[in-house]
Amino acid sequence: MKKNYNFAKFCFNRAKRTLFVSTFFLFCGFCFAQQNETKIITVDDAVSLALENNISIKRNQISLKTLERKNKYSWNSVSPSINASVNYNQPLGENIDKNSVSASGSVSIRLSPSVYTSIQSAKINYEMGKISYEQAVKSVELEVRNAFYQMLYAKENLSLLERNLETAKQRYNLNREKYQKGQLSELDLLSAQYSYESLIPNIEASQITMENNMSTFKQMLGLDQTEKIELSGSLDDFLSSFDFTLSFDINEIPSIKNLNFQIESAENQLLATRFSAYGPSANLGFSAGKDLKNIDSDFSFSLSAGVSIPLDGFLPWSSGGLSVANQKSSLEDLKLQLENQKTTIEIQIQNNSKKIMQAQSQLELLEKNVELAQKKYDMTQTAYNHGSKDFLTLQNAADSLMNAKISLMSQKITLLNAVLSLENTLGLPFGTLMNEESK
């Protein structure tokens, strides 16, 4: 009975150790699988990651919060100034016993027209800070979207090269069979072999370039280099619902809005300079004091009020007069900049619009060219199989088809970049012109 008990105990302990080891390795395997799991990233995911990890954006957020705080409490210049003091006086010499202790307090306030301009200045600076922050965000998003589309282009280009390599390999194997049967010359066989093997270095170079670009892209998103990611979508997905209709208000364009705020700020500064040169200011004060050593003594009170009016501002050569004249010149210069910027923006919009429409037109032609090249290749392939076309003619048809497909993809990325550039100029949310929200 004891032997049976010991044997059962041994089996139980052995099973427990086996279960523990199995569980441990299963857990490690699960963690390893989680670490090596490929993460699917959309273009919006990429933008979110980049904005979340971008140092420049974080610094802009801090600056914007500072401006918001200044705007919120811009009225604090009219806050009264409050002081309290306790004084102890100890005479020396014969009057050493005649020391005294006193306490006093005062409240004063200064009122001037500059209070209004300081409040306006804080408000304008905050609005300009919001524009600056939005432009910083859009700059990062533009860079990420361009990189994302470029990665998709590289991915599709590599896939095209690999398909072309597989076709060349099949063609080489078929020609080798024909050569072994005596149906093909050795020269055609060697040409097919070279055509196949010459594509391999191009694919390897494309793979290395794509890996390097992926490393840069991960760094842009703030991801670890060991993390595996895969980009979701294709160039056709973003162009499938593209509908180019242009409607905008030039005063809502970020660069124009920024200049308008600069003009508003200059006008406010001019007003502040005028207030400083010509405007009166008022001072109100109240103070109270008491001798603490003599409890029976009365409180002493005093009230003060005064108004000051600067007069040197009326002299044109004075500092105040020159400041007003300089502010007027700065304001006129900003207005000229605004008019010039409006003209520049209109030209940019026209150029980008023409570029987009031209790219659309060329895209349609290139799609037809691919269809034509595909038909030509299929017909040449059939003729070559029947012996009525030589291998060189077949290879030329294959090269023409390959070049047509590459040109089509290149035009797609050109169109996407032009659309992004126009959306950035107009200050539109990226994807507006491509109707991404409807997907």
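Keep in mind it's a predicted model, so treat the numbers as computed, not measured. (Residues numbered from 1 in each chain as written. Predicted model: local features only at pLDDT ≥ 70, side-chain atom pairs only at ≥ 80, totals over all residues. Heavy atoms only, no water.)

## Regarding the nonpolar core
If you look at soluble globular proteins, the nonpolar side chains tend to sit buried side by side. Ranked by size, the top nonpolar core spans 81 residues in total, and within it Val144, Phe148, Tyr149, Phe217 and Leu221 carry the most contacts. If we skip the residues at most four places from it in the chain, phenylalanine 148 touches Ile41, Thr42, Val43, Ala46, Phe217, Leu231, Ser232 and Phe238. (Core = buried A, V, L, I, M, F, W, Y, C linked by side-chain atoms within 4.5 Å. Buried < 20%, exposed > 50% of the residue type's maximum accessible area, 1.4 Å probe, protein only. Contact = heavy atoms within 4.5 Å.)

## Observations regarding the packing of aromatic side chains
For the structure shown, the criterion picks out 4 aromatic pairs. A centroid spacing of 6.1 Å and a plane angle of 10 degrees characterise the contact between tyrosine 172 and tyrosine 196, whose relative ring orientation is stacked. In this pair, tyrosine 172 is assigned in helix H4 (residues 114-180) and tyrosine 196 in helix H5 (residues 186-197), connecting sequence segments 24 residues apart. For the pair shown, tyrosine 172 and tyrosine 196 are each scored as buried. An aromatic cluster of three or more residues is present, and its members are Phe148, Tyr149 and Phe217. Positioned over the ring face of phenylalanine 430 is lysine 138, at 4.1 Å from the centre of the ring. (Phe/Tyr/Trp six-rings, centres within 6.5 Å; stacked < 30°, edge-to-face > 60°. Helix = DSSP H or I, 4+ residues; strand = E, 2+ residues; numbered from the N terminus. Lys NZ or Arg CZ within 6 Å of the ring centre and 35° of its normal.)

## A closer look at a nonpolar patch on the surface
On the surface, Ile82, Val107, Phe286, Phe299, Phe301 and Leu303 cluster together into a nonpolar patch covering about 700 Å² of accessible area. The topology assignment puts phenylalanine 286 in strand E5 (residues 281-291). (Patch = residues over 30% accessible without salt bridge, like charges linked within 9 Å, V, L, I, M, F, W, Y side chains within 5 Å. Areas by Shrake-Rupley, 256 points an atom, 1.4 Å probe, with all protein chains shown as cover. Salt bridge = Lys/Arg side-chain N within 4 Å of Asp/Glu carboxyl O.)

## Things to note about H4
For H4, built from 67 residues, the straight-helix expectation of 99 Å at 1.5 Å per residue is met to within 8% by its first-to-last C-alpha distance of 98 Å. Positive backbone phi, at 80 degrees, marks glycine 182, one or two positions downstream of H4. (Expected span 1.5 Å × (residues − 1).)

## Quick notes on the pattern of salt bridges
A side chain with one charge may pair with a side chain of the opposite charge, provided their charged atoms come close. For the structure on display, the rule yields 6 salt bridges. Across the pair glutamate 141 and arginine 145 runs a salt bridge, and its minimum N-O distance is 3.0 Å. Of the two residues, glutamate 141 and arginine 145 are both situated in helix H4; the distance of 4 residues between them amounts to about one turn of the helix. Glutamate 141 sits in the buried class, given a relative accessible area of 13%. When its relative accessible area of 2% is taken as the criterion, arginine 145 is described as buried. A salt bridge links glutamate 252 to lysine 257; the nearest nitrogen and oxygen atoms lie 3.9 Å apart. Judged by its relative accessible area of 48%, glutamate 252 falls in the partly exposed class. A single network of salt bridges, built from pairs that share partners, joins Asp44, Glu141 and Arg145.

## A closer look at the environment of glutamate 267
Assignment of secondary structure puts glutamate 267 in helix H8 (residues 254-278). Judged by its relative accessible area of 39%, glutamate 267 falls in the partly exposed class. The spacing of glutamate 267 and lysine 328 is 61 residues in sequence and 8.3 Å in space, taken between C-alpha atoms. Look past the residues within four positions of glutamate 267 in its chain and what remains in contact with it is Leu331 and Lys335.

## Examining the side chain of glutamine 411
Within the element layout of this structure, glutamine 411 appears in helix H10 (residues 391-426). According to the relative accessible area criterion, glutamine 411 is buried, its value standing at 11%. For glutamine 411, the side chain forms a polar contact with the side chain of glutamine 362, separated by 3.3 Å. Apart from the residues lying within four places of it in its own chain, the contact partners of glutamine 411 are Ala359, Gln362, Leu363 and Leu366. (Polar contact = N/O pair within 3.5 Å; in protein donor to acceptor, adjacent residues only side chain to side chain.)

## Observations regarding H5
In a regular helix each residue adds 1.5 Å, so 12 residues correspond to 16 Å; H5 covers 16 Å between its end C-alpha atoms and thus fits that length. For H5, the full list of buried residues reads Asp188, Leu189, Ala192, Ser195 and Tyr196. Buried residues along H5 cover an arc of 125 degrees about the axis, so they all sit on one side. Away from the buried face of H5 by more than 90 degrees, exposed residues Leu187 and Tyr194 are located. Taken together, the buried residues of H5 touch H4, helix H6 (199-221) and H10. (Arc of directions from axis to C-beta.)

## Things to note about the confidence of the model for the protein chain
Summarising the model, the protein chain shows a mean pLDDT of 80, and 83% of its residues fall at 70 or more. Model confidence for the protein chain, summarised as mean pLDDT per element, is weakest for helix H1 (residues 2-35) at 46 and strongest for H6 at 90. Long-range and interchain partners of residues 1-12, a stretch whose pLDDT sits below 50, account for 0 contacts in this model, where long-range means more than four residues apart. Within the model, pLDDT remains below 50 along residues 18-34, and this stretch shows 0 contacts once partners closer than five positions in the same chain are excluded. (pLDDT = per-residue confidence, 0-100.)

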